[in-house]
Amino acid sequence: MGIPDEDVAAVRAATDLVALIGEHAALKRQGRRWVGLCPFHGEKTPSFSVNAEQGIYYCFGCQAKGDAITFVRETEHLGFVEAVRILAERSGIAIREDSDGGRDARRRNELLEVMEQAASWYHERLLQGRDAGTARDYLRSRGYDGDVVRRFRLGWAPDGWDELCQSLGLDPELATSSGLGFVNRAGRLQDAFRARILFPICDPSGRPVALGGRVLPGSPDPAKYKNSTETPIYSKRRTLYALNWAKQDVIRVNEVVVCEGYTDVIGLFGVGVERAVATCGTALAEEHVKLLRGFSSRIVLAFDSDGAGQAAAGRFYEWERKLELDVVVAAMPVGSDPAELARTDPEGLRRAVEGARPFLQFRVERILDGADLETAEGRARAADHALAAVGEHPDDLVRDQYLMQVSERCRLDPLLLRRRLEDLRRSGPTGGTAGGRHGSGRAETADTTGGYGGVWQEDRSGGPGSRRQPAFETQLGGSHRPRGRGPGEFRPGLEALRLAIHRPDDILPRLDRALFRDELQRMAFDGLIGSADLHHAIDRAPLEVRELLVRLAVEEPVAEPEDVIVQLVRDVARAELALVVSEARGAPELAREAIEMAARVQELDDPAASAEATDRLLAWLVVRSQMSGAGRRS
Ligand SMILES: [Zn+2]
C-alpha cells in the first residue's frame, strides 16, 4: 500500500515550500532562509524559519517542523498519502499508488476541477451571454466596469433549469456534491444558481471552491444572497472571500479589512484598499481569524459592529489575547456599508479604514456620542451603558483607562465609577469569568514564542561536565548573530553538522565520526553520511536525531568548513589527550604516546598551524576511535 519512496521524493523535490507556506503565512527572505510569523502558533516576532533549498521548516517558538508533506498534513488535517497526492497534483507530478486510499484526494481534485469549469462558464456567460444584458447593465450602474468583472471573475447564472449542468455534462452525483446542482422533486437535475450574479469564492491560492450569488433588483426571489452549500472543498468557517486577491496587500501592510459582503470587498478594492476580505454568509469565526493570523496581526472590522459586534465582543478580546493580534474597527456612518460608501464617499471610506480604532474605544465612543450628555440623568445613564461595555474587557489596565474617559465625559468621580464597574463585573454576565489580566496572558505566550530556551537550544556537544548553555541562540535575529567563539557560542560539532547539511560537498568528505563526541551528534552525522540526501536521513533517523537535523537545516552555518574542522580536531584531540594521559598514569608504556600527542596538540594551537598538522591529528583520532570503538564513552 502507499506510494513508492522515489515518487514521494520526486513530489518533495518538485514542491516550492516557500510558495506553499506563503499561502498561509508571510515569509521574508533573510540570508539563505525565509522567516515569518509561525502559522502554527500566535506570535508577534517571527520564530518560523524555512530552508527553501532543502524544503524544510522549523519553528523556534512551538517546535513545529517538517517538510512540504508535513505542512500539508498539519494545515489540511490530512494523512500522509492524501498530502502527497495534493502536492503531486499541485506540482503536476504523476505518482504511482496501489490502494484505494486516494479516493479523498481524487475527490477533492475532481471537485476543484468542476468548480473551476463552472466559474469559467458563468464568467463567460456574463461577458458574452445575450441573456446577461440586464446583469451587465446593473453592474455598470453600480460602477463595475469590465476590469472589475474580470478581476473578480464575476459570472451570470442564466434563468434556466439546468443550463450549467447540461453544458458541463455533470452527472447528478457530481452536481450535487459540488453544490452546483440538485435533484428536484420531479427527480430532475437542476442548477443550484439561477438568475443571479455570481461571485466565485476561492481558496487562498485562487482556486474556486464555492459560489456566492446575488439576485438582480426586482427579482421575485426573496433570498437576496445565496451561497454554495458546504462541500469537501468548502467550509464557510474556514473560507474568506477574496483572500486570494487580497493576500499580497495584507502581507505588505500587515493589516486585513474584514467585511460582510462580496460587494463590500469590491468597493474597498475600488477605493484602493486592496486588503479586504469577507465572511461568506456567516459570522467571523475563530477559524477565519486563525487563517488571517497567518498573514497579518491586525484585523480591521469594516462592518457595523454595534449589533453583531456587541455579541462578539468577548470573542474579539479572547482572540486578541490568544492569537496576539489587534482587532480594530473602521467607524462608518450608522447604517452604511463599505459597498455604499465606496460609491458615495470614497475618501470617507479610506479615512474610516485608516482611522480604525480599538474595538472597545469604538464602542465607548459610539455609546457616549449617541447619548444625551446635557442632563445629569442622561450622563448617568450613558456612564452605566458605557461601563457595561468597558466591563467586558479582560484587562484591568485597559478597563481603567476607558473608565477615566467615561468619568471625564460624564463628569463623574472615577472612584465612584470604579466601584460601579466592580459591581457590574461581579454580577454581570461576564463577571468572574474574565478574571486574569490581559498582560499576564501575553507574558505567558511570549515565553513560549520568543524564548529560545527550548530543548533544541541546549548545548548537546559539550563533553562531561560542560554546562548546558544556549547554542547559536540568535539564529533568528540576524543582527546579533554570534560570530565570535566565546564560551558556549561556538559549538564546532553542531556547526559541522550545519555545514554538512548546507554545504555537504565542502565538508562531508573531510569529516569523520571520530570528531563527534556527543552521541546525538554522532548519530546525526552517521545518518547524513549514510543517506542519499537530507530527507532520506531525516526519514530514517530516530526521533531525537530527526529533530536535531530539521532544526539545523533551517539554521545557517556561520563558520567556514576549514575553521570548523580545525576547531573540531583541536577540541576532540584535547579530550583524547586527557584520556591518554590518565591512562598513561597506570600504564607507563603509554607515556611515550601521551607525550608525543601532547606535542602535536600543542602544535595545533599555533594560529599558523599547517593543514598537515590537522590531518595528522585527525588520522590519530580516527585510529584511536576505531581501536576503542564507539562504546567506550557512555
Ligand atoms: Zn510556531
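Residues numbered from 1 in each chain as written. Predicted model: local features only at pLDDT ≥ 70, side-chain atom pairs only at ≥ 80, totals over all residues. Heavy atoms only, no water.

A tally of helices and strands in the protein chain yields 28 helices and 17 strands. Here the protein chain, with 634 residues, has 50% of them falling under the buried criterion. Counting only contacts in the protein chain whose residues sit at least 6 apart along the sequence, the fraction spanning at least 24 positions is 64%. Per element, the accessible surface of the protein chain, about 29,300 Å² overall, is 50% carbon and sulfur. (Helix = DSSP H or I, 4+ residues; strand = E, 2+ residues; numbered from the N terminus. Buried < 20%, exposed > 50% of the residue type's maximum accessible area, 1.4 Å probe, protein only. Contact = heavy atoms within 4.5 Å. Areas by Shrake-Rupley, 256 points an atom, 1.4 Å probe, with all protein chains shown as cover.)

Next up on the list: the environment of D326. Here D326 is to be found in strand β16 (residues 326-329). The exposure class assigned to D326 is partly exposed, which follows from its relative accessible area of 32%. It is 4.8 Å that separates the C-alpha atoms of D326 and R298, two residues lying 28 residues apart in sequence. Residues in contact with D326, not counting those within four places in the same chain, are K44, S297, R298, I299 and E320.

Another aspect to go through is the coordination of the zinc ion. Protein coordination of the zinc ion is provided by C38 (SG), H41 (ND1), C59 (SG) and C62 (SG), with donor distances spanning 2.0 to 2.3 Å. Note that the zinc ion binds 4 donor atoms; their angles at the metal cover 104 to 118°, and the shape is tetrahedral. Summarised as a motif, the one-chain spacing of the donors to the zinc ion is C-x2-H-x17-C-x2-C. With C38 in the loop between β2 (33-36) and β3 (48-51) and C62 in the loop between β4 (56-59) and β5 (65-67), this residue pair connects regions lying 24 residues apart in the sequence. The class for C62 is partly exposed, based on a relative accessible area of 31%. (Donors = N, O, S within 2.8 Å, 3.2 Å for Na, K, Ca; no water. Tetrahedral: all angles 85-135°; square planar, octahedral: opposite > 155°, others 65-115°.)

Those residues of helix α1 (residues 5-14) lying buried are D7, V8, V11 and R12. With its buried residues spanning 140° around the axis, α1 presents them on a single face. Turned more than 90 degrees away from the buried face of α1 sit D5, E6 and A13, all of them exposed. Contacts from the buried residues of α1 go to β5, α3 (68-76), α4 (80-91) and α24 (534-540). (Arc of directions from axis to C-beta.)

The next point concerns helix α21 (residues 492-502). Because an α-helix packs 3.6 residues into every turn, residues spaced three or four apart end up facing the same way. Burial analysis of α21 places 11 of its 11 residues in the buried class, the great majority of the element. Looking only at α21, the buried set comprises P492, G493, L494, E495, A496, L497, R498, L499, A500, I501 and H502. On its buried side, α21 packs onto β3, α22 (504-507), α23 (519-529), α24, α25 (543-554) and α26 (561-586).

Looking now at the sheet that holds strand β9 (residues 196-202). Across the sheet, which stays open at both edges, the 4 strands sit in the order β6-β9-β10-β11 with antiparallel pairing between neighbours. Two strands lie at the open edges of the sheet, namely β6 (155-157) and β11 (225-227), each paired on one side alone. Strand-to-strand twist of the sheet, defined as the mean angle between neighbouring strand axes without regard to direction, takes the value 35°. Of the pairings in the sheet, the one linking strand β10 (residues 208-215) to β11 comprises 3 bridges and is antiparallel in character. Residue pairing for β11: G213 is matched across the bridge by K226. In this fold helix α11 (residues 262-270) packs onto β9, β10 and β11, with an angle of close to 75° to the strand it touches most, β9. (Pairing = 2+ DSSP bridges. Axes fitted to C-alpha atoms, helices over the stretch in contact; angles between N-to-C directions.)

In the structure shown here, the tally under the stated rule is 18 aromatic pairs. Summarising the aromatic geometry, the rings of F40 and F71 are spaced 5.7 Å apart at their centres and angled 75° between planes, so their arrangement reads as edge-to-face. Separated by 31 residues along the polypeptide, F40 in the loop between β2 and β3 and F71 in helix α3 bring together distant segments of the chain. Using a relative accessible area of 0% as the deciding quantity, one classes F71 as buried. Between F316 and W319, the ring centres sit 5.6 Å apart and the planes meet at 55°, which makes this aromatic pair tilted. Taken together, the residues span about one helical turn, with F316 and W319 both in helix α13 (residues 307-322) at a distance of 3 residues. Through successive ring pairs, a cluster of aromatic residues spans F152, F199, Y225, Y241, W245, Y262 and F269. Over the ring of F193 we find K226; its NZ or CZ atom is 5.6 Å from the centre of that ring. (Phe/Tyr/Trp six-rings, centres within 6.5 Å; stacked < 30°, edge-to-face > 60°. Lys NZ or Arg CZ within 6 Å of the ring centre and 35° of its normal.)

What follows concerns the side chain of S47. Here S47 lies in the loop between β2 and β3. According to the relative accessible area criterion, S47 is buried, its value standing at 1%. Here the side chain of S47 touches E43 through a polar contact of 2.6 Å, side chain to side chain. (Polar contact = N/O pair within 3.5 Å; in protein donor to acceptor, adjacent residues only side chain to side chain.)

Take the sheet that holds strand β13 (residues 256-259) next. Sheet architecture is open: 6 strands sit in the order β12-β14-β13-β15-β16-β17, paired in mixed fashion. The open sheet has two free edges, formed respectively by β12 (240-241) and β17 (357-358), since each of these has just one partner strand. Bridge count for β13 against strand β14 (residues 276-279) is 3 bridges, and the pairing is parallel. Note on β14: the bridge partner recorded for V257 is A276.

Moving on, we get to the nonpolar core. Core analysis: the biggest nonpolar cluster contains 106 residues, and Y122, L154, Y241 and L301 have the highest contact counts within it. With 8 residues, helix α5 (residues 103-128) is the largest single contributor of residues to this core. Beyond its immediate chain neighbours, meaning those up to four positions away, L154 contacts H123, L126, L139, Y144, V149, L198, F199, P200 and I266. In this structure, L497, L520, L549 and V580 belong to the second largest nonpolar core, which totals 50 residues. (Core = buried A, V, L, I, M, F, W, Y, C linked by side-chain atoms within 4.5 Å.)

The subject of this paragraph is the packing of helix α18 (residues 396-410) against helix α19 (residues 414-427). Look at α18 against α19: their axes get within 10 Å of each other, and the N-to-C directions meet at 125°. In this view, α18 runs oblique relative to α19, as classed from their interaxial angle. For the pair α18 and α19, the crossing hand works out as right-handed. For the pair α18 and α19, the contacting residues are R399, D400, L403, M404, V406 and S407 in the first and P414, L417, R418, L421 and R425 in the second. A class-by-class count of the residues in the contact of α18 with α19 yields 6 nonpolar, 1 polar and 4 charged. (Parallel < 35°, antiparallel > 145°, perpendicular 65-115°, else oblique. Left-handed = near helix turned anticlockwise from the far one by under 90°. Nonpolar A, V, L, I, M, F, W, Y, C, P; charged D, E, K, R; others polar.)

Time to look at the packing of α21 against α26. The geometry of a pair of packed helices is captured by two quantities: the angle between their axes and the separation between those axes. At a closest axis distance of 9 Å, the pairing of α21 and α26 adopts a crossing angle of 145°. Relative to α26, the crossing made by α21 is left-handed. Mapping the contact onto sequence places P492, G493, E495, A496 and L499 in α21 and P561, V564, Q567, L568 and D571 in α26. Among the residues making up the contact of α21 with α26, the classes are represented as 6 nonpolar, 2 polar and 2 charged.

With that out of the way, let us pick up the side chain of S296. Mapped onto the elements, S296 comes out in the loop between α12 (286-293) and β15 (298-301). Overall, S296 belongs to the buried group, its relative accessible area being 1%. Within the local environment of S296, its side chain forms a polar contact with the backbone oxygen of N254, the two atoms lying 3.5 Å apart.

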